[in-house]
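Geometric and topological summary
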Amino acid sequence: MAELLTTTRNATLQDMAALLERQQTRKVDMVVGPRTVHVEHGRLVVHGVEPMLTPSGVTSADGVYRPTGVADEGLSEKFGVPRQYLARMREHAVDLYDANLNGWLHRAPADKRYLLRALRGDNGGEGIARAWLSDGYKRVDNLDALMATLDGVRRAGVEVDIDGCDLTDRRMYVRIVCEQVQALAPRLLHGYRSPFTGEAGADNPVVFAGFVITNSEVGHGAFTITPRLVVQVCRNGMTMNRDAMRSVHVGGRLEEGVVTWSAETQQRNLDLITSKTADAVAHFLQREYVEAKIDEIEREAGAPVRDPQKTIHVLGDQLAFSEAQRTEILNHFIRGGDTTAGGVMHAVTSVAHTLPDADAAHDMETKAMRALSLAAAQR
């Protein structure tokens, strides 16, 4: 059930919306104290949480929930249990996992409160514990964020396409491209070939405007709108992190029990997202903005890379790329045929395309501009 309900990679907008709607029907948020939760066989057992009347009837949160890796990270942080040790206990000694967490729950102050975000199981069966958070966490749900963003785009009156949607246990990513807003980048693309098709950038020196929205329901990042340039010849994406707009998930403290978020609170969040999206569209989807960003990139992109292996080793250390990722970046650099700092940037963004892990792919793409600067500095 966890895989069906929580993840997808390179989905269409329709598939993403359908998945988020299915998740929405299973969500339950509860503020729990250390005396209303215990750990058994690696599962969180919730008991004694007062039911509340919701639009769907009387809602009870009591039950068994299997923590995701993200939830384990929250438990690790809140109780001071080293993350790697907690993961090792879960895999090799679940009795120690239970004993450690039960011990810290028992020692926690009785008035301490946590927000547990979960998905219900089928017919009262085992559910999924998605996150263990502070009780001051402010919810911005993925489905609401997606719908409000699309409403902001509609209000801006521009035509866009969805360049792909990802959902992981940590975050949602929706990449949006506007092909009617484009600019030429001949200096950036003249020596580059797509490592996927072999097409020459010199024949297709077009860059499209776009942006990516990201959101986390589980404490792993604010709702963010980040401008993104898309290269026509290979569909590589370059994100401009310095220009991102963010809305953080910080709110007031919540009372113990099942949480029902008021319509007023939800609408306030959605209005903010819609407004931010409209502002972002007005700014990021302008030809002048795209041309200015291309000019910034081209100032560094032409620097020659005389020792590709050394350069990629250095930026791999600086940007925390794994050995496997460094090998792939070097392979894509060679296949791309562009022996400049711009070629290194293209290699980083094209490898990001190929990663099955959406979180890792997004992380790699966001580091492409830093990779460009580091490669340009390796003289």
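Refer to the preceding data block for the structure.
Here's a quick rundown of the structure. (Residues numbered from 1 in each chain as written. Predicted model: local features only at pLDDT ≥ 70, side-chain atom pairs only at ≥ 80, totals over all residues. Heavy atoms only, no water.)

Looking only at helices and strands, one finds 14 helices and 16 strands in the chain. The globule rule puts the C-alpha radius of gyration for 379 residues at 21 Å, and the 23 Å found for the chain is close to it. Principal-axis analysis of the C-alpha atoms gives the chain an extent of 65 × 50 × 30 Å. Relative to its 379 residues, the chain shows a buried fraction of 53%. (Helix = DSSP H or I, 4+ residues; strand = E, 2+ residues; numbered from the N terminus. Rg over C-alpha atoms; globule rule 2.2 N^0.38 Å. Buried < 20%, exposed > 50% of the residue type's maximum accessible area, 1.4 Å probe, protein only.)

Take helix α13 (residues 358-366) next. Those residues of α13 that sit buried are Ala358, Asp359, Ala361, Met364, Glu365 and Thr366. Where α13 begins, the side chain of Asp357 points an oxygen toward the backbone nitrogen of Asp359, at a separation of 2.9 Å. (Polar contact = N/O pair within 3.5 Å; in protein donor to acceptor, adjacent residues only side chain to side chain.)

Most of strand β13 (residues 223-231) is tucked away, with nine of its nine residues classed as buried. On β13, burial covers both faces: Phe223, Ile225, Pro227, Leu229 and Val231 on one face and Thr224, Thr226, Arg228 and Val230 on the other are all buried. Sheet topology places strand β12 (residues 206-215) next to β13; six bridges connect them, and they run antiparallel. Opposite Val207, over in β13, you have Val231 as the bridge partner. Pairing geometry for β13 and strand β14 (residues 237-239), over three bridges, is antiparallel. Directly across from Arg228, in β14, lies its bridge partner Thr239. Where β13 folds back onto β14 in an antiparallel hairpin, the turn is made up of five residues, including Arg235, whose phi is positive at roughly 60°. (Pairing = 2+ DSSP bridges.)

Another point: the environment of Val218. Here Val218 is to be found in the loop between β12 and β13. Sequence-wise, Val218 and Ala118 are 100 residues apart; in three dimensions their C-alpha atoms are separated by 9.7 Å. With sequence-adjacent residues up to four places away left out, Val218 is seen in contact with Val70, Arg130, Ala131, Leu133, Tyr137, Asp169 and Arg170. (Contact = heavy atoms within 4.5 Å.)

Two side chains of opposite charge can pair, provided their charged atoms sit close to one another. Counted under the stated rule, the structure contains 30 salt bridges. Between Arg155 and Asp151 there is a salt bridge; the shortest N-O distance is 3.1 Å. Placement of the pair is Arg155 and Asp151 together in helix α6 (residues 142-156), with a separation of four residues, close to one helical turn. Looking at Asp151, the relative accessible area reads 19%, which means it is buried. One salt-bridge network, in which partners are shared between bridges, spans Lys27, Asp29, Arg117, Arg130, Asp141 and Glu217. (Salt bridge = Lys/Arg side-chain N within 4 Å of Asp/Glu carboxyl O.)

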